[in-house]
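Inside the fold
One letter stands for each residue in the lines below.
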Amino acid sequence: MKKSLITNIYIYSMLSFFLFFTGFNGYMGIFGTKKCVFTALSILYIAISAIQGISFKKFGLAEISALIYLFITALSAIVSEHFPETLLGVSRYEGLLTVGIYVFVFIFISQSWEMPTSFVPFLSAVMIFESLIVILQRCNLNVMCLFPKGENFSIAVEKYNGVFISTVGNADIASAFFCLMTPILFVLMLKQEKHRPLTFVSFVLSLSSVILISVSAGIVSLVAVAAVLPLVLFKRKRKLVITVLCIVFVLSLIMVYLLPLKSGMLFELQSIMRGNPDKTFGSGRLHIWSEVVENTRFFLGSGPDTMLYEGIEPFVKTVNGTEIVRKIDIAHNDYLNILFHQGIIALISYFGVLSPLLLWFKNKGNGAFSIAVGAGIFGYCVQVFFSFSACSSAVFFWIMLGILNAEQKRYE
């Protein structure tokens, strides 16, 4: 069987069965379902691809960096005092096995991806259905019975410690998924006339979903994409675009500094600008980041997905008069998370894996589809600066990164 066909079957399976299958216990068991399906489908794909062989001659900086990233992660896992729990992970299923799956999925897709003619309409249709689920849930309809019987989105937000939405699960993870896909749909809408009506509907619904999910990191992500994307689309007018963006950026900061704000994300930014930061800002992220940095072992880290065992000071907040203590098991910054768990070498090699994104920004080896996928990857990378990696969304990032790498090789 042709390698590209196997890759396409895997990607289509992830964008259909994996994305939409939530198990039989709704949100109560969604993460367990996702990690089982993710592991089974991905290992099957990797095994079949490995049997067909791999060409090391085709390896570039991204693939070599990915293998170094995996090697350092393996070393970190083995020497960690928490071994063998580092193999699967302590709390988030982001142990050595999951990292290995990410890396090999990326490598095999990089080597075998050939875009089928049905991919753009298929992706658009998938995002239309996923977006409709979000929209209907925000209208308090218990779509797919994901919430317990008699409950809906509004009730669950008030009742439970955590927000769940879409078939992805946790709102932060769902936001990361939509921040990956929404820019892709936007560029495809601009660049491809053939499927424009479908990509237009899909983009509008996906953008609406990002807004309805109401995760600040998602909004920041799309604003960042909107600022950077013109530099890629209008390469010949890059100096003019940079000038305009700088003027808009400076005027925006001045406006935020002067406005009489009292709460919200912009108020927190204003307070930081005025020299009045508070560790509770960003839902406690300043507290979490400072604690994580203070306890980081910079060489090999503590071992993948072991933060729960490292004694990080919990984050305490008061909601409606009730004190809530949250144990910290994730850095809420994917790059800081890698640094803490796997060390500085792993983080540097991870940035090497992202080298296709640098080529995207320079607009080298970019076709229309490459520009679209690169925009999505950039959106995801910004979102997880304030969030975290989970197989429910991260696998799509590694898939798209492999696709971008393969597309750029084709244009070399």
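**Structural notes on the overall build of the chain**
Of regular secondary structure, the chain possesses 17 helices and four strands. Taken over C-alpha atoms, the radius of gyration comes to 21 Å for the chain, in line with the 22 Å a tight globule of 412 residues would show. In terms of overall dimensions, the chain has a C-alpha envelope of 60 × 55 × 45 Å along the principal axes. Across the chain, contacts joining residues at least 24 apart in sequence account for 74% of those joining residues at least 6 apart. Accessible surface, the chain: about 18,600 Å² in total, of which carbon and sulfur atoms supply 68%. Computing the positive centroid from 30 side-chain charges and the negative centroid from 22, the chain places the two 13 Å apart.

**A closer look at a nonpolar patch on the surface**
Taken together, the side chains of Ile 43, Phe 71, Leu 75, Ile 78, Val 79, Phe 83, Leu 87, Leu 88 and Leu 97 present a nonpolar region at the surface, about 770 Å² in accessible area. Ranked by residues supplied to the nonpolar patch, first place goes to helix H3 (residues 61–79) with four residues. Its place among the elements puts Val 79 in helix H3. Under the relative-accessibility criterion, Val 79 is labelled exposed at 52%.

**Looking at the pattern of salt bridges**
Evaluation of the coordinates by the stated rule reveals four salt bridges. We note a salt bridge from Lys 409 to Glu 63, for which the minimum N-O separation is 3.3 Å. Of the two residues, Lys 409 sits in helix H17 (residues 391–411) while Glu 63 sits in helix H3, which places them 346 residues apart along the sequence. According to the relative accessible area criterion, Lys 409 is partly exposed, its value standing at 25%.

**Some words on the side chain of Ser 49**
Within the element layout of this structure, Ser 49 appears in helix H2 (residues 30–52). On the basis of relative accessible area, Ser 49 is assigned to the buried category, the value being 7%. Reaching out from Ser 49, the side chain makes a polar contact with the backbone oxygen of Tyr 45 at a distance of 2.9 Å. Filtering out sequence-adjacent residues up to four positions away, Ser 49 remains in contact with Ile 6 and Phe 108.

**Observations concerning helix H14 (residues 344–353)**
At 3.6 residues per turn, the α-helix brings residues three or four places apart onto the same side. For H14, every residue scored as buried is listed here: Ala 346, Leu 347, Ser 349, Tyr 350, Gly 352 and Val 353. The elements touched by buried residues of H14 are H3, helix H4 (96–112), helix H13 (334–342), helix H15 (355–362) and H17.

**Overview of the nonpolar core**
One finds Met 181, Ile 377, Phe 396 and Ile 399 to be the most contacted residues of the largest nonpolar core, which totals 116 residues. The element best represented in this core is helix H7 (residues 171–191), accounting for 13 residues. Discounting residues that sit within four places of it in the chain, Ile 377 has contacts with Leu 180, Leu 357, Phe 397, Met 400, Leu 401 and Leu 404.

**Describing empty space enclosed by the protein**
Taken as a whole, this structure holds two cavities of 30 Å³ or more when the rule is applied. Reported here for the largest cavity is a volume of approximately 190 Å³. As for the largest cavity, its lining consists of 19 residues, and the residues nearest its centre are Tyr 69, Glu 94, Asp 334, Ile 338 and Ser 389. With five residues, H13 is the single largest residue contributor to the lining of the largest cavity. Of the residues contributing to the lining of the largest cavity, the split by class is 11 nonpolar, four polar and four charged. Taken together, Lys 3, Ser 49, Gly 53, Ile 54, Phe 108, Gln 111 and Ser 112 form the lining of the second largest cavity. Among the elements that line the lining of the second largest cavity, the one with the most residues is H4, at three residues.

**A short note on the packing of helix H16 (residues 368–383) against H17**
For the pair H16 and H17, interaxial distance at closest approach is 9 Å and the crossing angle is 145°. In this structure, H16 meets H17 at a crossing whose hand is left-handed. Here Phe 369, Ser 370, Val 373, Gly 374, Ile 377, Tyr 380 and Cys 381 of H16 lie close against H17, whose contacting residues are Ser 393, Ala 394, Phe 397, Met 400, Leu 401, Ile 403, Leu 404, Glu 407 and Gln 408. Classifying every residue of the contact of H16 with H17 gives 11 nonpolar, four polar and one charged.

**Some points on the environment of Met 181**
Examined against the element boundaries, Met 181 turns out to sit in helix H7. In this structure, the C-alpha to C-alpha distance between Met 181 and Ser 202, residues 21 residues apart in sequence, is 9.8 Å. Those residues in contact with Met 181, other than ones at most four positions away along the chain, are Leu 15, Leu 123, Met 127, Phe 396 and Met 400.

**Quick notes on the side chain of Thr 39**
Assignment of secondary structure puts Thr 39 in helix H2. Separated by 2.6 Å, the side chain of Thr 39 and the backbone oxygen of Lys 35 make a polar contact. Thr 39 has contacts with Tyr 93, Leu 97 and Ile 101, leaving out every residue within four places of it along the chain.

**Structural notes on unusual backbone geometry**
Cis geometry marks the peptide bond from Phe 83 to Pro 84, where omega comes out at 10°. Backbone geometry at Ser 166 places phi at a positive 70°, although glycine is not the residue there. Under the relative-accessibility criterion, Ser 166 is labelled buried at 0%. Despite not being glycine, Ser 214 shows a phi value in the positive range, around 60°. Here Ser 214 is to be found in the loop between helix H8 (196–213) and helix H9 (216–233). Classification of Ser 214 as exposed rests on a relative accessible area of 52%.

Rules used in this analysis
Residues numbered from 1 in each chain as written. Predicted model: local features only at pLDDT ≥ 70, side-chain atom pairs only at ≥ 80, totals over all residues. Heavy atoms only, no water. Helix = DSSP H or I, 4+ residues; strand = E, 2+ residues; numbered from the N terminus. Rg over C-alpha atoms; globule rule 2.2 N^0.38 Å. Contact = heavy atoms within 4.5 Å. Areas by Shrake-Rupley, 256 points an atom, 1.4 Å probe, with all protein chains shown as cover. Lys, Arg positive; Asp, Glu negative; His and termini not counted. Charge placed at Lys NZ, Arg CZ, Asp CG, Glu CD. Patch = residues over 30% accessible without salt bridge, like charges linked within 9 Å, V, L, I, M, F, W, Y side chains within 5 Å. Salt bridge = Lys/Arg side-chain N within 4 Å of Asp/Glu carboxyl O. Buried < 20%, exposed > 50% of the residue type's maximum accessible area, 1.4 Å probe, protein only. Polar contact = N/O pair within 3.5 Å; in protein donor to acceptor, adjacent residues only side chain to side chain. Core = buried A, V, L, I, M, F, W, Y, C linked by side-chain atoms within 4.5 Å. 1 Å grid on protein atoms, 1.4 Å probe; cavity = no way out; pocket = protein on both sides within 12 Å on 5 of 7 lines; lining within 4 Å. Points joined across faces, edges and corners; volume = space filled by probe spheres on them. Nonpolar A, V, L, I, M, F, W, Y, C, P; charged D, E, K, R; others polar. Axes fitted to C-alpha atoms, helices over the stretch in contact; angles between N-to-C directions. Left-handed = near helix turned anticlockwise from the far one by under 90°.

Shape descriptors only; they carry no functional weight alone.
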